[in-house]
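Structural characterization, general
Here are the chains, one letter per residue:
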Amino acid sequence: MSCGTGSRPGSSPRVRARPKFLETLPPPPQALPTFAQEIAPPDLSPWLTDHCGIPGVVHHEATRPGPHVVLTALVHGNEFAGAIVLDRLLREQVRPACGRLSLVFANLEAFARFTPDNPVASRFVEEDMNRVWNRQILSSPRHSVELDRARAIQPVIETADILMDLHSMLWPGAPLILAGATESGRRLSTMIGDPSLVVSDHGHQAGPRLIDYERFSDPASPYAACLLEAGAHWAAHTVETTDSAVRALLRHCGLLTAEAEPPATPCHQLVVTDIVTAQTPCFRFVRPFQGGEVIRRRGTLLAQDGPDEIRTPYPDCMLVMPNLRPGRGQTAVRLARTLSERPQATERIGRQPV
Ligand SMILES: [Zn+2]
């Protein structure tokens, strides 16, 4: 369904299909395809002991004041490219030149269940850990593996000035940074510069993400968060994209000083206008679209969902992370339009209060 965050009235992507067309699309495939696995899970055993009071969390603090930068990996247990990069930083003994650097391996229980034979099964144990992030949910009496772990790392999140949450994608697509709904998130994302695709959005109806947590999503807050979608889950280049983005963030925040900065990259900024949620178990795209594809013509047929057609509601519509096998109630695709072509890579953020 449309979230109504920018489409013109009457331009919903969902329209009732012609009966004739309903008979022409093949039924959706039942099984997921086999995904290439070029990388293996890292050995995180050195970081799982109680370094700073919370297993799987490692802090390093400089004597010079500066921002508290938090990097989170494994919010989804099978997305371990980010964990490889955090493990690399720890093994290289990277230390902040100022402020504090916290590295968080989030859903360790799900990660421990990863198996190459069924790599998609360990995204979470009981519930999506990236749909529980507001204080009302976290203070509720309910328990789950993910809720309890979120509560365990909450004290770190509550002191973050800047947070980058490291993720990857199941389906093919261009790397991007999700900036959430705030100006501070957008500025943080454009400051990183690589990936240069920055998408502002309002999250998912199923629950708030870590970057949507009140500390970052309150427009009056000086703190900022963004979410990196660095490429395919188990592709080698996803690790390098993550490494590059993490180091760019640390440089811009002043925590890394030794490395030369690459030239600034103009960012392509977009805003999500519509969230298309599968309303039937028969949702199917007309072809296997890739994330980041731009559909030039308004009204282009994207998918069929039971009796409904999903069509682009405006020209030059970008498809954000299409889920080619969405279950009923899941996000199938987000539609985004260009916010600005103006280069923003010279903006800086990060001298936040500590
Ligand atoms: Zn993820």
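Residues numbered from 1 in each chain as written. Predicted model: local features only at pLDDT ≥ 70, side-chain atom pairs only at ≥ 80, totals over all residues. Heavy atoms only, no water.

Naming follows an unreviewed UniProt entry, where the protein chain appears as Peptidase M14 of Gluconacetobacter tumulicola.

1. Here's the deal with the nonpolar core
Grouped together as the largest cluster of nonpolar side chains are 63 residues, with contacts concentrated most on Leu 71, Met 164 and Leu 249. Per-element tally for this core: the top contributor is helix H2 (residues 81–91), with seven residues. Looking at this core, you find at least three residues from each of domain 1 (14–31 + 271–340) and domain 2 (45–252). When near neighbours in sequence (up to four residues on either side) are disregarded, Leu 249 contacts Val 69, Leu 71, Ile 162, Met 164, Leu 188, Met 191 and Ile 192. In this structure, Leu 147, Met 169, Tyr 213 and Tyr 223 belong to the second largest nonpolar core, which totals 35 residues. (Core = buried A, V, L, I, M, F, W, Y, C linked by side-chain atoms within 4.5 Å. Buried < 20%, exposed > 50% of the residue type's maximum accessible area, 1.4 Å probe, protein only. Helix = DSSP H or I, 4+ residues; strand = E, 2+ residues; numbered from the N terminus. Domains from an automatic or database assignment. Contact = heavy atoms within 4.5 Å.)

2. Quick look at the pattern of salt bridges
Enumeration over the complete set of coordinates arrives at 24 salt bridges. Residues Glu 293 and Arg 287 are paired through a salt bridge, measuring 2.7 Å at the closest nitrogen-oxygen approach. Given the relative accessible area of 39%, Arg 287 is considered partly exposed. For the salt bridge of Arg 311 with Glu 309, the shortest nitrogen-to-oxygen distance reads 2.8 Å. (Salt bridge = Lys/Arg side-chain N within 4 Å of Asp/Glu carboxyl O.)

3. Re the coordination of the zinc ion
Six octahedrally arranged donors around a metal ideally form angles of 90 or 180 degrees; four tetrahedrally arranged donors ideally form angles of 109.5 degrees. Each protein donor to the zinc ion is listed here as His 76 (ND1), Glu 79 (OE), Glu 79 (OE) and His 167 (ND1); together their distances run 2.1 to 2.4 Å. Classification of the site at the zinc ion as irregular follows from its four donor atoms and the range of 57 to 145° in their angles at the metal. Each donor residue of the zinc ion belongs to the same chain, and together they define the spacing H-x2-E-x87-H. The exposure class of Glu 79 is buried, given its relative accessible area of 2%. (Donors = N, O, S within 2.8 Å, 3.2 Å for Na, K, Ca; no water. Tetrahedral: all angles 85-135°; square planar, octahedral: opposite > 155°, others 65-115°.)

4. Describing the sheet that holds strand S12 (residues 301–305)
One open sheet accounts for four strands, arranged S1-S13-S12-S10; its pairing is antiparallel. Each end of this open sheet is capped by a strand with a single partner; those strands are strand S1 (14–16) and strand S10 (284–285). In terms of strand pairing, S12 meets strand S13 (residues 308–311) through four bridges, oriented antiparallel. Across the sheet, residue Leu 301 finds its bridge partner in S13, namely Arg 311. (Pairing = 2+ DSSP bridges.)

5. Topic: the packing of aromatic side chains
For the structure on display, the rule yields eight aromatic pairs. Ring-pair connections join several aromatic residues into one group, and the members of that group are Phe 35, Phe 80, Phe 111, Phe 114, Trp 171 and Trp 234. Over the ring of Tyr 223 we find Arg 215; its NZ or CZ atom is 3.7 Å from the centre of that ring. Sitting above the plane of the Tyr 314 ring, Arg 337 keeps its charged end 6.0 Å from the centroid. (Phe/Tyr/Trp six-rings, centres within 6.5 Å; stacked < 30°, edge-to-face > 60°. Lys NZ or Arg CZ within 6 Å of the ring centre and 35° of its normal.)

6. A short note on helix H6 (residues 183–192)
Counted residue by residue, H6 has eight buried out of 10 residues, so it is predominantly covered. Buried within H6 are the following residues: Ser 184, Gly 185, Arg 186, Leu 188, Ser 189, Thr 190, Met 191 and Ile 192. Of the residues trailing H6, Gly 193 is marked for its positive phi of about 85°.

7. Description of the confidence of the model for the protein chain
Scored by pLDDT, the protein chain has a mean of 89; 87% of the residues are at 70 or more. Confidence over residues 1–10 falls short of pLDDT 50; this stretch has 25 contacts with residues more than four positions distant or in other chains. (pLDDT = per-residue confidence, 0-100.)

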